[in-house]
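Here are the chains, one letter per residue:
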Amino acid sequence: MLSKVVLSFLLLTITSVQAIWPIPETITTGGHTLWIGEVLLVTYNGEKIPWFRNYIPFGGPKFSSKEIVKGGVSRALKNILDDNFVPWKLYPRLQLEKTEPSLWGPKVFISCLEIVQTEVDTPRTFKPLAGDVDESYSLSVRLDGKAKIEAASSTGVLRALETFSQLFYKHSLGPIYTKLAPVEITDSPQYDHRGILFDVSRTYFPVESIYRTIDAMSWNKLNRLHIHATDSQSWPLEIPSLPGLHLKGAYGQGLTYSPATVAAIQTYATQRGVEVIFEIDTPGHFGIAALSHPDIITGWGSAPWTTYCAEPPCGQLRLNDSKVDPFLDKLMDDILPRVAPYSAYFHTGGDEVNFNEYNLDPTVATNDSKVIVPLLQRFIDTHHARVRKAGLAPIVWEEIPASYNVTIGDDVVVQSWLGDAAIKSLTAQGHKVISSNYNFWYLDCGRGQWLNFGEGESFEENYPFVDWCSPTKNWRLIYSYDPRAGLTDKEAELVIGGEVAAWSEAIDDANLDTILWPRSSAAGEVLWSGRVNAYGENRTQIDAAPRLAEFRERMLARGVRAEPVHMTFCTQGMNATACLFQ
């Protein structure tokens, strides 16, 4: 009899004590139950703010801190009250009823949520450069049902509201509760730039898919959505002053993003603490413009494509043609004023420029780097001047300074994908770096070739048709990566963050969620919480796996079809050692 009593007590006290994702800087929790319902007083800097579901804050490009917070409160409470989950997978087999709090007897409810913003937002809060916005926060939940958030910025408030929402679960009979009271949390990010590269050029994605991704990013405290907007395969971005680009370059009628849609995406993201950074890749990956502007492109559709570009179809901007600058002036004068109110950056690309293609350029007619590099230098100088004129900081792929030896300004951020040695070299030269190390953070890798191979020699050489960057970057590999590993303290400071990359040769709306989640969540914790803990020790899969499995359940409940972390046997009991390799 005594053993049964002890077992029942243990089941009641089992809880995912540190189940927040990404894990906060400090967290202490108790073992008392609080309930939460529709009746909740919410105040913001002493002012009562009524909340209701699906509240849409006033739009941009000018943003109100109060509106940002009201929207965040609405979404957080909807996630708590409507889009929650019964945590049967987190407890031992067939023990749900014994682990849930009793519905009978006195209950203490969360009665008020006090939100205090200690500093005034500036315009930079909503379109920050790295380091411009303080995202730190503290969160407390008392045993008497009073909760308090304190943050320096409205962005910090949004991060705290997400953490608050993860304290609660759905009872199998309906009500919402937490068994973690009292709670004390302090938190802040380790990296300023925490992002996803979203390729909408190789595959067109409906706006709803972009919105859903932004929502999931906000739950993971990711804050940069890098939209790779155009490439040689298609041009879905509408440029009203150059309509031929999308009219001839889009995959089909209606498969485009209008100026109104672009503004709506940026507004939706800003309201969730996410900054959208658009990329129009230049001078490479530009071939599709040949359909509307053939005189500025070289090598369009050249064969064999393997000689002239990284993937079909080929095509780059000409480097020495007088028609290119007026074209780019018109392009950038159109797009930059439309993105500048929402972002501090614009990505100008610069990767995989194939010098062989300039053999086909009548204004260059050689692949000699001694000729091409000075032309690239002039191109980058002129192009980045356009970006700066709009008040934006340029981002480039690492080949510009590292492979082509082109000099770039101190304001330019370099996105690196070629690995740790490249990051070491770039930071040693004083460049600010975003890491997208393909060995760890390319989400499209390891799923096989998207190219076809005819019978014969190419079939034999490429069998069994693995892609160039195999193996698959599973969440454990992604979680193991430290973007600042092997760097001096000075070099490490220049790594402002990272992005996982979802190149879309074989991704579309049907598999988008399973490609991104929960693998992007793993990178999200590395970038928010750091690869090492407060004791200087690497964070382990043993700690992460139960929390990530739980967070995956939250994403499912909120409408994102994230892949499993592992089978239910491994999650029951929140015991990661149940599936420990031996």
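Scope of this entry: the structure provided in the associated data block. (Residues numbered from 1 in each chain as written. Predicted model: local features only at pLDDT ≥ 70, side-chain atom pairs only at ≥ 80, totals over all residues. Heavy atoms only, no water.)

So, about the pattern of salt bridges. One pass over the structure, following the stated rule, counts 31 salt bridges. Notably, a salt bridge pairs lysine 66 with glutamate 47, separated by 2.5 Å at the nearest N-O pair. Residue lysine 66 is found in helix H2 (residues 65-81), and its partner glutamate 47 is found in strand S3 (residues 47-48); the two are separated by 19 residues along the sequence. Here the salt bridges share partners, and the residues they tie into one network are Asp199, Arg202, Asp231, Glu311 and Glu505. (Salt bridge = Lys/Arg side-chain N within 4 Å of Asp/Glu carboxyl O. Helix = DSSP H or I, 4+ residues; strand = E, 2+ residues; numbered from the N terminus.)

A separate point is the packing of helix H9 (residues 324-339) against helix H10 (residues 369-389). Put simply, H9 and H10 touch, their axes get as near as 10 Å, and they point 25° apart. What the angle tells us is that H9 and H10 run roughly parallel. In the packing of H9 onto H10, the handedness of the crossing is right-handed. Listed contacts from H10 to Asp325, Leu328, Asp329, Met332, Asp333 and Leu336 of H9 are Phe379, Thr382, His383, Arg386, Val387 and Lys389. Class assignment for the residues of the contact of H9 with H10 results in five nonpolar, two polar and five charged. (Axes fitted to C-alpha atoms, helices over the stretch in contact; angles between N-to-C directions. Parallel < 35°, antiparallel > 145°, perpendicular 65-115°, else oblique. Left-handed = near helix turned anticlockwise from the far one by under 90°. Contact = heavy atoms within 4.5 Å. Nonpolar A, V, L, I, M, F, W, Y, C, P; charged D, E, K, R; others polar.)

Simply put, disulfide is the name for a covalent bond between the sulfur atoms of two cysteines. On inspection of all chains with the given rule, the structure shows three disulfides. Note on cysteine connectivity: cysteine 445 is disulfide-linked to cysteine 469, with sulfurs 2.0 Å apart. The sign of the -105° torsion about the S-S bond sets the cysteine 445-cysteine 469 disulfide as left-handed. Of this pair, cysteine 445 sits in the loop between helix H13 (438-441) and helix H14 (457-462) while cysteine 469 sits in the loop between H14 and helix H15 (475-480), and the two are 24 residues apart along the sequence. Since its relative accessible area comes to 2%, cysteine 469 is described here as buried. Covalently, cysteine 570 is tied to cysteine 579 through a disulfide, its sulfur atoms 1.9 Å apart. On the sign convention where negative is left-handed, the bridge of cysteine 570 and cysteine 579, at about -85° about the S-S bond, is left-handed. Cysteine 570 sits in the buried class, given a relative accessible area of 7%. The class for cysteine 579 is partly exposed, based on a relative accessible area of 32%. (Disulfide = S-S within 2.5 Å. Buried < 20%, exposed > 50% of the residue type's maximum accessible area, 1.4 Å probe, protein only.)

The relative placement of two packed helices is expressed as an angle between their axes plus a distance between the axes. Following both chains from N to C, one finds H2 and helix H4 (residues 154-165) inclined at 10°, their axes separated by 9 Å at the closest point. When the axis of H2 is compared with that of H4, the two are roughly parallel. Where H2 approaches H4, its residues Ser65, Ile68, Val69, Gly72, Val73, Arg75, Ala76 and Ile80 are matched on the opposing element by Ser154, Val157, Leu158, Leu161, Phe164 and Ser165. The residue inventory of the contact of H2 with H4, partitioned by class, reads nine nonpolar, four polar and one charged.

Enumeration over the complete set of coordinates arrives at 29 aromatic pairs. With a centroid separation of 5.4 Å and 80° between ring planes, the pair formed by tryptophan 235 and phenylalanine 286 is classed as edge-to-face. Within this pair, whereas tryptophan 235 is found in the loop between strand S10 (224-230) and helix H6 (244-249), its partner phenylalanine 286 is found in the loop between strand S11 (275-280) and strand S12 (297-298), the two being separated by 51 residues in sequence. Residue classification places tryptophan 235 among the buried positions, given a relative accessible area of 1%. Here the aromatic cluster, defined as three or more aromatic residues joined through ring pairs, consists of Trp397, Trp417, Tyr438, Tyr442, Trp468 and Trp503. Above the plane of the ring of tryptophan 35 lies lysine 107, whose end atom (NZ or CZ) is 5.5 Å from the centre. We note arginine 554 situated over the ring of tyrosine 169; from NZ or CZ to the ring centre the distance is 4.9 Å. (Phe/Tyr/Trp six-rings, centres within 6.5 Å; stacked < 30°, edge-to-face > 60°. Lys NZ or Arg CZ within 6 Å of the ring centre and 35° of its normal.)

Let us look at the environment of asparagine 462. Tracing the backbone through its elements, the reader meets asparagine 462 in helix H14. Here asparagine 462 falls in the partly exposed class, since its relative accessible area comes to 29%. Separated by 13 residues in sequence, asparagine 462 and glutamine 449 place their C-alpha atoms 9.3 Å apart.

This part is about H9. One full turn of an α-helix is made of 3.6 residues, so residues set three or four places apart face in the same direction. The end-to-end C-alpha distance of H9 is 22 Å, a good match for the 22 Å that 16 residues give at a rise of 1.5 Å each. In H9, a bend of some 25° at methionine 332 exceeds every other bend along the element. When we look at burial in H9, the residues that qualify are Val324, Phe327, Leu328, Leu331, Met332, Asp334, Ile335, Leu336, Arg338 and Val339. Summarising the contacts, the buried residues of H9 are in contact with H6, helix H7 (259-270), S11, strand S13 (316-317), strand S14 (345-347) and H10. (Expected span 1.5 Å × (residues − 1). Bend = angle between axes of the 7 residues up to and from the residue.)

Attention now moves to the nonpolar core. Membership of the largest hydrophobic core comes to 100 residues, with the highest contact counts inside it found for Leu225, Trp235, Phe286, Leu331, Ile335, Phe346 and Trp517. The biggest single contributor to this core is H9, with eight residues. Ignoring sequence-local partners within four residues, the contact set of leucine 331 consists of Trp235, Ile239, Leu242, Leu245, Ile280 and Phe286. Counting residues in each nonpolar core, the second largest holds 36 residues, with Val42, Tyr44, Ile110 and Leu161 among its members. (Core = buried A, V, L, I, M, F, W, Y, C linked by side-chain atoms within 4.5 Å.)

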